[in-house]
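# Coordinate analysis (summary)
Each chain, written out:
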Amino acid sequence: MGEIRLPRHMFLWCLSAIYMFAFASLYVQIPGLYGNEGVLPARWQLRVSGKSVVEQLKDSPTLLWFGPRLGLDTQQCMELLSLTGALLSLMTLALPVLRDCRVFLVLWILYLSLYQVGQVFLYFQWDNLLLETGFLAILIAPMKMPWSTKERLHDNVTFWLARWLLFRLMFASGVVKLTSRCPTWWGLTALTYHYETQCIPTPLAWFAHQLPVWFQKLSVVGTFVIEIAVPFMFFSPIRRHRLVAFYMQVLIQVFIILSGNYNFFNILTITLCMSLLDDQHVNFWLRRYMPKTESTSLQTLCSWLAVVLEIGTYAVLGYWSVRYFDLQVDWENKSVSSRTAFTYFEFNGFLKTVTVPSIWIGVLSLTWEVISAMFKCACVRGVLWRLWNTIQWAVMAAATVSMFAISLVSKLPVSFERIYWLEIEFMYKPGNVSAAPPVVAPHQPRLDWQMWFAALGPHTQSPWFSSLLHRLLQGKRDVIRLIQTDESQYPFSKQPPAYLRAHRYKYWFSKPKEDGSYPQRWWRRVYVEEFYPMVHLGDSYLEQMLDQHGLKDKAPPRRSSNAWLPQLLRHVGKHAREMPTPLLLWTLFSSAATVCLLNSLRSRARHHQHESLQNKHADKQETGWNVAEEEAKKHEEEDVKDDAEEDGKEQEEDATSEEEQEGEIEEEVNTEETDVDSLRKRK
């Protein structure tokens, strides 16, 4: 695995956004769900006793125990925690300096405190996944200290935990579809029902439902391959294997987002997929091309072997898909037929075969990351820095191994009179057959979701439903706002209903007309049976159900405290709940994203300005050197000229001296000759 600084930054940024979505979405629903007059008052989970605060925290670890010390009741304290979490995560989303492990620890404690009293409305798979991912973020996020460095050598070790969590999530999601023995999954027909039977579909779900059956079955085959086979590629030493696995996982999550409203669940899964990336690929997205280095013959050979193994892996996946799902191309009908070509017992045998090897794959992958980080620490210069990095590596490696070891064990109709019945329409779940499916993600309307689960069985399996009817008969405004925030859409906004009853309907998507035009209605529905008998306030059956499940409790009068904190919470809640929740969430996200974009542009402008200053300084230095060189050349030329002139003068002087010497020599010769002649004459 290469450097993962940029993927880690993206992971923490996305998780901050998810925390903001989760806290803000829950905040607007607290009065109706957990208020003193809500469906399931949270104060029932915090019984006053003579225990100390420490003992209370051991029984139920939540910050709500400190509410009375602030003069707040349970509902107000939940609102305070949700509002604090939303604002803190919003600032973390906008400001990189706040993406610190201590901030993520606070966010995790806040959400855990709400989860402890959330009861059935907070017991969804994504709530558990957010808590587990949030705890891993405490290890993944840096602890920013004045003496800390930007490079943390143990990042690959802690970030590996996100990859292991993604493997467990996706592999279990695929396996449970077959181990449940559901005939629709075994018959590859699940998607022919899924789009119209999910809790809150999107408008695109209607169009997806109209696709031919052979394509729906082929999509199920693709789902099994992506969720069961592909996750093993998460730990491949071949980098392209991990990148292909990343795009395949993101692809299926995007399809789910487009066809269904699953709040922040799919966004959180995509966030975990960031653990499959590295800096090199993120720089490729950002068009930051890294300089290529010359590869040796051994590296070239290894790269070719990796290509061969990569192609072989894809060939094996294709062969198994064709063999075990009996894929056959029908060229005449332009379709692909498919069926499950293995039995339940054969699949169980497969699970027994791969369970232990999958654990050992995880062990080997983690061991490699730990040893690689250890060698990086050993290569740090300076004794003190090497010691400090080694201590960090040892602590984080121990925490990562511990976490790895732990993971191995771990529709409502109402009446105004007895004769005339009016139907209450929920804001999000199917009801009005002419209403288009909404798009509400990442908001989770938790009451609508629980209505979908309640319809899967008798009402006795959903005790909260009796409390819901009781609150509607009482006309509690906070509960009504969970169903309709627009009072004009609620038929009993002026006075509560006298009687209530609930019927179960079965819904299907409507089909296009024979001429190919779209129908006026999105849905078709058929009455199935009575879900809850007709009741009224004081009804014996309703009272019996409330008493049986401990839901009948006279709400204490709300204390109208004049302290500044309760008044602030009431003021903020009043204005925040006037806006549609999906719009509120995306407004907060857009604001934080705008701040991030402006910071990025400002930092980029500073970077360019710094580069231009450096270039100008370099140009000045270069110009100075050029001027100095020219002056030096001039001086050299002048020196050469001076030397040449001096040489010329010396040569002239030498020549003159030579001529004089020659003249002297000639005179001497002449003198000698004259002397010789005179001597001859004498002789």
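Computed from a prediction, not measured in an experiment: that's the story for all the values here.

## Thoughts on unusual backbone geometry
Note that the residue after Ala441, namely Pro442, is joined by a cis bond; omega there is 10°. Examined against the element boundaries, Pro442 turns out to sit in the loop between strand 4 (421–424) and helix 18 (446–454). Positive phi is not limited to glycine here, since Gln119 has a value of about 55°. Relative to the helices and strands, Gln119 resides in the loop between helix 5 (101–117) and helix 6 (125–140).

## Some details on the UniProt feature "transmembrane region" (unreviewed entry) in the protein chain
Annotation from UniProt places "transmembrane region" (unreviewed entry) at residues 12–30, 80–98, 105–123, 242–258, 298–322, 359–379 and 391–409. Secondary structure across residues 242–258 divides into 100% helix and 0% strand, with the first and last C-alpha atoms of the span separated by 24 Å.

## Topic: the packing of helix 5 against helix 6
Two elements in contact, helix 5 and helix 6, have axes whose closest approach is 8 Å; the angle formed by their N-to-C orientations is 155°. Compared by their axis directions, helix 5 and helix 6 come out roughly antiparallel. As helix 5 runs across helix 6, the sense of the crossing is left-handed. In contact with Cys101, Phe104, Leu105, Trp108, Tyr111, Leu112 and Tyr115 of helix 5, helix 6 contributes Asp127, Asn128, Leu130, Leu131, Gly134, Phe135, Ala137 and Ile138. Looking at the contact of helix 5 with helix 6 residue by residue, the class counts come to 12 nonpolar, 2 polar and 1 charged.

## A word on the nonpolar core
Across soluble globular proteins, nonpolar side chains show a tendency to be buried alongside one another. Within the largest apolar cluster, 166 residues are counted, with the highest numbers of intra-cluster contacts made by Phe11 and Trp464. It is helix 1 (residues 5–27) that provides the largest number of residues to this core, a total of 15 residues. Ignoring sequence-local partners within four residues, the contact set of Phe11 consists of Thr133, Ala137, Ile140, Phe159, Ala162, Thr271, Leu272 and Met274.

## Observations concerning the side chain of Glu196
Looking at the secondary structure, you find Glu196 in helix 9 (residues 191–197). Despite its burial, Glu196 remains without a salt bridge, the nearest opposite charge being carried by Arg524 at 5.1 Å. Reaching out from Glu196, the side chain makes a polar contact with the side chain of His209 at a distance of 3.4 Å. Polar contacts involving the side chain of Glu196 include one to the main-chain amide nitrogen of Phe509, which spans 2.5 Å. Those residues in contact with Glu196 that lie beyond four places of it in its chain are His209, Tyr507, Trp508, Phe509 and Trp523.

Rules used throughout
Residues numbered from 1 in each chain as written. Predicted model: local features only at pLDDT ≥ 70, side-chain atom pairs only at ≥ 80, totals over all residues. Heavy atoms only, no water. Helix = DSSP H or I, 4+ residues; strand = E, 2+ residues; numbered from the N terminus. UniProt positions renumbered as here; feature names shortened; annotations may be inferred. Axes fitted to C-alpha atoms, helices over the stretch in contact; angles between N-to-C directions. Parallel < 35°, antiparallel > 145°, perpendicular 65-115°, else oblique. Left-handed = near helix turned anticlockwise from the far one by under 90°. Contact = heavy atoms within 4.5 Å. Nonpolar A, V, L, I, M, F, W, Y, C, P; charged D, E, K, R; others polar. Core = buried A, V, L, I, M, F, W, Y, C linked by side-chain atoms within 4.5 Å. Buried < 20%, exposed > 50% of the residue type's maximum accessible area, 1.4 Å probe, protein only. Lys, Arg positive; Asp, Glu negative; His and termini not counted. Salt bridge = Lys/Arg side-chain N within 4 Å of Asp/Glu carboxyl O. Polar contact = N/O pair within 3.5 Å; in protein donor to acceptor, adjacent residues only side chain to side chain.

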